[in-house]
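Residue-level listing of the chains:
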Amino acid sequence: MKKITMFYLTDCGYCAKAHMALEELMADNKLYQSLEITKIEENEQPSIADQYDYWAVPSFFVDGEKIFEAHIGMTYDDIKENVKKVLDYAIN
């Protein structure tokens, strides 16, 4: 199975939405619960974050490939839709 890496910041509102979306999607689909998701707070682990190519958080990588990077103005529904795409990509 593919490995998901999520980069986030503790005080980021978009990241909070992504965490909430992950919880909801996992609760709704047991298949998602089998996925391995490593969550990295970039301020706590900058040496790991520096190895990945992204500008904004939350950002999701599957096996090292960037699948989703948030941008200003995204709604909760936008973020949830993209998080679902990450999960679906990792399963397939």
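Before reading on, note that the structure itself is shown above.
These remarks concern the structure in this document. (Residues numbered from 1 in each chain as written. Predicted model: local features only at pLDDT ≥ 70, side-chain atom pairs only at ≥ 80, totals over all residues. Heavy atoms only, no water.)

1. Quick look at the nonpolar core
The tendency in soluble globular proteins is for nonpolar side chains to be buried side by side.
So, step 1. Ranked by size, the top nonpolar core spans 30 residues in total, and within it Ile4, Phe7, Leu22, Val57, Phe60, Val83 and Leu87 carry the most contacts.
So, step 2. Where this core is concerned, the elements lending two or more residues are strand S1 (3–8), helix H1 (13–28), strand S3 (59–62) and helix H3 (76–91). (Core = buried A, V, L, I, M, F, W, Y, C linked by side-chain atoms within 4.5 Å. Buried < 20%, exposed > 50% of the residue type's maximum accessible area, 1.4 Å probe, protein only. Helix = DSSP H or I, 4+ residues; strand = E, 2+ residues; numbered from the N terminus.)

2. Focus: the pattern of salt bridges
So, step 1. For the structure on display, the rule yields 4 salt bridges.
So, step 2. A salt bridge links lysine 85 to glutamate 81, with the shortest nitrogen-to-oxygen separation between them at 3.5 Å. A residue pair is termed a helical-turn pair when its members lie 3 or 4 positions apart in one helix, as lysine 85 and glutamate 81 do in helix H3 at 4 residues.
So, step 3. Looking at lysine 85, the relative accessible area reads 47%, which means it is partly exposed. (Salt bridge = Lys/Arg side-chain N within 4 Å of Asp/Glu carboxyl O.)

3. As for the packing of aromatic side chains
To describe a pair of aromatic rings, you give the distance between the ring centres and the angle between the ring planes.
So, step 1. Under the defined criterion, the tally for this structure stands at 6 aromatic pairs.
So, step 2. With 4.9 Å between their ring centres and 25 degrees between their planes, phenylalanine 7 and tyrosine 54 make a pair best called stacked. You can see phenylalanine 7 sitting in strand S1 and its partner tyrosine 54 sitting in the loop between helix H2 (46–49) and S3, a full 47 residues away along the chain.
So, step 3. For tyrosine 54, a relative accessible area of 11% translates into the label buried.
So, step 4. For the ring pair tyrosine 54 and phenylalanine 61, a centre distance of 6.2 Å and an interplane angle of 70 degrees mean the geometry is edge-to-face.
So, step 5. Seen from the ring of tyrosine 89, lysine 2 lies directly overhead, with NZ or CZ sitting 4.8 Å from the centre. (Phe/Tyr/Trp six-rings, centres within 6.5 Å; stacked < 30°, edge-to-face > 60°. Lys NZ or Arg CZ within 6 Å of the ring centre and 35° of its normal.)

What is shown is where atoms sit, not what they do.
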